[in-house]
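Given next are the chains, with one letter for each unit.
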Amino acid sequence: RKLLYPGECGYAMETGGIMAEIRTLTVEKIRAYHAEYYRPDNMCIIITGKVGSEDLLRSLEEMEEKIQGKGHPRDKPRPWHCVPVPQLLQSSDVSVEFPSDEEETGCVMLAWRICEWSCFDEIMRLNILHAYLTESEVSLLHQEFVEGSEDGESVCSSVAFGACENKEGFHWCCFDAVGVEHIPHVKEQFFKVMNQLCLEGVDMARMASVIKRYHVKLLNALEDSPHETIPYYCIYSFLFAENFAQDTKSKLKSVASSNELLSLTADDWVELVRKYILSPPSVCVRAVPSTKRGEELAAKERRRVQERKEELGEEKLQQLQKKLEDAIEANDQPIPDSVQEQFKVPDVTKISFIPIDFAIYPEAAGAGAG
């Protein structure tokens with residue numbers, strides 16, 4: 001990510017944190033971060049289910065009055081809306097060692113920056129291209145890298161394409177369990193296959209099948225899991241959209257019209273490959289297994305722990321141990337009945353069920369009875 005988003009950019013950060021940096025955090029830093037970003041105007045509430053509008057608005061009004069009473073400022077800029085995302089101007093190619101008990105297989109990942117989040121139709125085309133290139137055993141990249149080329153030798157155990165829809169996102173191609181002898185050559189072989197695709201063209205019969213499956217997959221998600229699918233679109237709109245309502249509607253419209261991509265020609269798909277894979281700067285990261293690296297990291301951690309013990313001293317260590325044990329004991333205390341009693345038990349007679357109609361087909365009923 002740091003190679004894809006050079007300079008100062010939140011997208012370059014590891015969301016889970018890097019241990020060396022986590023160790024430097026203080027309570028004051030964490031509280032300052034919360035005060036800066038965990039604020040009412042930076043909050044999105046998504047409600048699903050059959051809820052009465054009057055009860056809902058009444059509850060939200062009470063919450064809003066409580067929040068406003070705390071005097072939160074409203075003039076702070078929203079994240080991802082105030083700092084421009086740095087451009088990726090040149091390609092990079094790096095190899096990194098990772099600790100491993102064996103040195104047989106590694107991983108290779110290629111990535112490119114793509115269009116802005118709001119280019120819904122363009123991103124949908126990319127998703128379909130990804131499926132065409134890697135989905136199923138007959139896909140181009142699966143045949144080349146997993147099944148093996150003409151000599152029958154497999155390069156990796158799996159290959160996958162995907163996209164990350166940031167305000168300015170990226171897409172990636174990952175080759176997993178790559179034999180160490182193949183790791184240096186994967187990038188060159190990949191671009192060779194992509195150039196060959198542009199020369200020979202796209203199999204439009206298979207592309208049509210991929211588009212239809214993709215369209216059905218989207219509609220199934222909307223029908224079977226609307227409580228997950230629609231909030232997913234809403235959250236991205238909340239994070240990145242300049243106009244929440246308009247962009248959310250545009251996203252849903254693009255999903256419903258995905259079948260219209262059947263009208264695209266082979267040249268259109270080849271142009272997409274050139275635009276987002278062959279022409280722009282790329283980032284290639286080769287993860288190489290190393291038993292020596294594992295030993296070095298283990299030795300470094302032992303030294304760190306020993307140095308920390310010496311720095312604190314026996315007395316300070318005992319104080320910290322006591323503080324930790326007290327915190328665990330306090331955290332494990334049962335919730336007082338007085339707190340639980342504040343939550344009212346809802347009246348089951350007021351539960352609003354979704355109406356369901358039943359129908360029995362006579363012939364089927366008769367067959368079952370017989």
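My aim in this report is to walk through the structure given alongside it, one point at a time. (Residues numbered from 1 in each chain as written. Predicted model: local features only at pLDDT ≥ 70, side-chain atom pairs only at ≥ 80, totals over all residues. Heavy atoms only, no water.)

### A short note on the sheet that holds strand β4 (residues 168–179)
What the five strands build is an open sheet, ordered β1-β5-β2-β4-β3; its pairing is mixed. Unpaired on one side and paired on the other, β1 (92–99) and β3 (158–164) mark the two borders of the sheet. Strand-to-strand twist across the sheet, computed as the mean angle between neighbouring axes with direction ignored, equals 20 degrees. As judged from the nine bridges shared by strand β2 (residues 105–116) and β4, these two strands associate in the antiparallel manner. Each residue of the ladder has a partner; that of W112, found in β4, is H171. Helix α4 (residues 120–134) rests against β2, β3 and β4 of the sheet, and its axis sits at about 175 degrees to β3. Across the sheet, helix α10 (residues 266–278) lies against β2, β3 and β4, angled at about 110 degrees from β2, the strand it touches most. (Pairing = 2+ DSSP bridges. Helix = DSSP H or I, 4+ residues; strand = E, 2+ residues; numbered from the N terminus. Axes fitted to C-alpha atoms, helices over the stretch in contact; angles between N-to-C directions. Contact = heavy atoms within 4.5 Å.)

### Focus: a negative patch on the surface
Negative charge collects at one region of the surface, where E97, D101, E102, E103 and E104 lie side by side. By relative accessible area, which is 32% here, E102 ends up partly exposed. (Patch = residues over 30% accessible without salt bridge, like charges linked within 9 Å, V, L, I, M, F, W, Y side chains within 5 Å. Areas by Shrake-Rupley, 256 points an atom, 1.4 Å probe, with all protein chains shown as cover. Salt bridge = Lys/Arg side-chain N within 4 Å of Asp/Glu carboxyl O. Lys, Arg positive; Asp, Glu negative; His and termini not counted. Charge placed at Lys NZ, Arg CZ, Asp CG, Glu CD. Buried < 20%, exposed > 50% of the residue type's maximum accessible area, 1.4 Å probe, protein only.)

### Things to note about the packing of aromatic side chains
Across all of its chains, the model carries 16 aromatic pairs by this definition. Ring centres 5.8 Å apart and planes at 65 degrees place the aromatic pair Y232 and Y233 in the edge-to-face group. On the basis of relative accessible area, Y233 is assigned to the buried category, the value being 7%. Directly above the ring of Y132 sits R206, whose terminal nitrogen or CZ lies 4.2 Å from the centroid. (Phe/Tyr/Trp six-rings, centres within 6.5 Å; stacked < 30°, edge-to-face > 60°. Lys NZ or Arg CZ within 6 Å of the ring centre and 35° of its normal.)

### Here's the deal with a nonpolar patch on the surface
A cluster of nonpolar side chains, contributed by M43, I45, I47, V51 and M63, occupies part of the molecular surface with about 420 Å² of accessible area. Position of I47 among the secondary structure elements: in the loop between α2 (27–37) and α3 (53–68). Given the relative accessible area of 41%, I47 is considered partly exposed.

### A look at the pattern of salt bridges
In total, this model carries 13 salt bridges according to the counting rule given. Note that E165 and K251 form a salt bridge whose closest N and O atoms lie 3.9 Å from each other. Taken together, the residues E165 in the loop between β3 and β4 and K251 in helix α9 (residues 244–256) connect sequence positions 86 residues apart. Taken as a pair, E165 and K251 share a single burial class, namely buried.

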